[in-house]
Amino acid sequence: MSDPTRVFDDLRDESEELDRLVAELRLEGWAFETPAARWTVAHQIAHLAWTDHSALLAVTDEEAFRVLVEKALAAPETFVDAGAQEGAAKTPVQLLADWRAGRTALLAALYAAPTGVRFPWYGPPMSAASMATGRLMETWAHGQDVADAVGVVRPPTDRLRHVVRIGVRARDFAFGVHGLTQPSEEFRVELRAPSGELWVYGPEDAPQRVTGPALDFCLLVTQRAHRTDLAVEAVGPDADRWLDIAQAFAGPPGTGRPPKPNGAGQ
């Protein structure tokens with residue numbers, strides 16, 4: 001990514017859009033159940049605040065971040081939920097203030113990060129641009145959970161390009177985390193952006209292909225909707241398998257979301 005400023009700006013805008021949504025909620029709205037099991041709206045925002053804090057330490061205090069990694073390794077099945085639970089126990093006013101302060105500090109650190117430096121993370125080390133891209137993906141995905149919980153339909157934006165990029169790049173990871181052999185050839189991915197632009201990846205003549213709306217692809221790779229409810233299509237057996245297992249996030253395979261009861265796609 002030659003100019004990281006764009007993703008930094010997009011992360012700021014994505015966060016501010018979600019902020020406007022939750023800032024308007026009444027007290028009871030923070031307790032609404034989201035599609036993620038046992039997570040309320042408060043848990044979703046608390047998770048974002050917790051991860052922003054982790055990222056800030058990774059960029060500014062490597063020793064403090066190392067301590068966080070040790071805690072994660074000691075409780076790999078519970079440390080994410082524990083962080084969300086701790087934050088969700090705060091009042092909405094305090095939680096919102098903490099999330100705003102944390103993401104503002106993280107963005108400032110990312111803008112100031114030297115070019116070419118890579119920072120530690122729970123997986124491979126990342127550049128500032130990659131860190132921002134991951135934070136944008138999570139902000140958008142957890143924001144989708146919040147929107148679903150409160151019954152709001154968010155107009156998609158071309159900030160989804162960053163989520164698409166992670167999803168495409170994570171193809172081999174998705175196969176590997178499921179214990180499957182990674183495809184030996186590149187896929188052609190053609191996705192229609194919210195603006196109408198066509199986003200393409202891979203050789204034009206690749207026999208394995210994935211096509212559809214960028215929004216649906218993002219919902220798929222963040223596992224915010226079931227494949228049968230999305231207008232993403234595959235040509236070729238490996239591409240078809242990928243759509244069943246795709247994930248843009250690190251860690252073990254996610255459980256995803258069940259199909260809609262009526263089985264109707266979008």
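Residues numbered from 1 in each chain as written. Predicted model: local features only at pLDDT ≥ 70, side-chain atom pairs only at ≥ 80, totals over all residues. Heavy atoms only, no water.

(A) View of the overall build of the chain. Broken down by element type, the chain carries 10 helices and six strands. Its C-alpha atoms give the chain a radius of gyration of 18 Å, within 12% of the compact-globule value 18 Å for 266 residues. In the chain, which comprises 266 residues, the proportion classed as buried is 46%. Across the chain, every contact between residues at least 6 apart in sequence was considered, and the portion connecting residues at least 24 apart equals 66%. Taken as a whole, the chain presents about 13200 Å² of accessible surface, with 55% of it coming from carbon and sulfur. Charged side chains in the chain number 26 positive and 37 negative. The centres of these two groups are separated by 1 Å. (Helix = DSSP H or I, 4+ residues; strand = E, 2+ residues; numbered from the N terminus. Rg over C-alpha atoms; globule rule 2.2 N^0.38 Å. Buried < 20%, exposed > 50% of the residue type's maximum accessible area, 1.4 Å probe, protein only. Contact = heavy atoms within 4.5 Å. Areas by Shrake-Rupley, 256 points an atom, 1.4 Å probe, with all protein chains shown as cover. Lys, Arg positive; Asp, Glu negative; His and termini not counted. Charge placed at Lys NZ, Arg CZ, Asp CG, Glu CD.)

(B) Quick look at the pairing of strand β3 (residues 188–192). Bridge analysis of β3 against strand β5 (residues 209–213) gives five bridges, and the strand direction is parallel. Counted as the bridge partner of Arg192 is Pro213 from β5. (Pairing = 2+ DSSP bridges.)

(C) Examining the pattern of salt bridges more closely. All chains considered together, the criterion is met by 19 salt bridges. A salt bridge links Arg66 to Glu70; the shortest N-O distance between them is 2.2 Å. Residue Arg66 and its partner Glu70 are located together in helix α3 (residues 62–74), separated by four residues, close to a single helical turn. By relative accessible area, Glu70 is classed as partly exposed at 43%. (Salt bridge = Lys/Arg side-chain N within 4 Å of Asp/Glu carboxyl O.)

(D) Fine view of helix α2 (residues 41–60). Here α2 spans 29 Å end to end across 20 residues, near enough to the 28 Å set by a 1.5 Å rise per residue. N-cap assignment for α2: the residue whose side-chain oxygen lies 3.2 Å from the backbone N of Ala42 is Thr40. (Expected span 1.5 Å × (residues − 1). Polar contact = N/O pair within 3.5 Å; in protein donor to acceptor, adjacent residues only side chain to side chain.)

(E) Region of interest: the environment of Lys90. Along the chain, Lys90 turns up in the loop between α4 (79–88) and α5 (92–112). Through-space distance from the C-alpha of Lys90 to that of Phe8 is 28 Å; in sequence the pair is 82 residues apart. Setting aside anything within four residues of it in sequence, one finds Lys90 in contact with Leu95 and Asp98. One polar contact links Lys90 to Asp98, side chain to side chain, over a distance of 2.6 Å.

(F) Representation of the sheet that holds β5. Strand order in the open sheet formed by four strands is β4-β3-β5-β6, with mixed pairing between adjacent strands. Every interior strand has two partners, whereas the edge strands, β4 (198–201) and β6 (233–235), have only one. Within this sheet the neighbouring strands show an average axis-to-axis angle of 10 degrees, counted without direction. Strands in contact with helix α7 (residues 160–169) are β3 and β4; relative to β4, the strand with the most contacts, it is inclined by about 20 degrees. Set on the sheet, helix α9 (residues 214–221) makes contact with β3, β4 and β5; between it and β5 the angle comes to about 110 degrees. (Axes fitted to C-alpha atoms, helices over the stretch in contact; angles between N-to-C directions.)

(G) Representation of the packing of aromatic side chains within the structure. If you walk through the whole model with that rule in mind, you get eight aromatic pairs. Between the aromatic rings of Phe79 and Tyr122, the centroid separation amounts to 5.9 Å while the plane-to-plane angle is 45 degrees, which identifies the pairing as tilted. Remark: Tyr122 occurs in the loop between β1 (118–119) and β2 (126–127) and Phe79 occurs in helix α4; sequence separation between them is 43 residues. The partly exposed category is assigned to Tyr122, whose relative accessible area is 30%. One Lys or Arg, Arg103, reaches over the ring of Trp99 and ends 4.3 Å from the middle of that ring. Over the face of the ring belonging to Phe187 we find Arg171, whose NZ or CZ atom lies 4.3 Å from the ring centre. (Phe/Tyr/Trp six-rings, centres within 6.5 Å; stacked < 30°, edge-to-face > 60°. Lys NZ or Arg CZ within 6 Å of the ring centre and 35° of its normal.)

(H) Spotlight on the side chain of Asp158. Following the sequence through the fold, Asp158 ends up in the loop between α6 (128–150) and α7. Salt bridges are absent for the buried Asp158, whose nearest opposite-charge side chain, Arg161, sits at 4.0 Å. Looking at Asp158, its side chain comes within polar contact range of the side chain of Ser195, at 2.6 Å. Residues in contact with Asp158, not counting those within four places in the same chain, are Ala193, Pro194, Ser195, Glu197 and Trp199.

(I) Structural view of unusual backbone geometry. A positive phi angle is found at Arg38, which is not glycine, with a value near 70 degrees. In this structure, Arg38 sits in the loop between α1 (5–23) and α2. Residue classification places Arg38 among the exposed positions, given a relative accessible area of 67%. In the Ramachandran plot, Gln223 falls in the positive-phi region, its phi being about 55 degrees despite a non-glycine side chain. One can find Gln223 in the loop between α9 and β6. Judged by its relative accessible area of 13%, Gln223 is buried.

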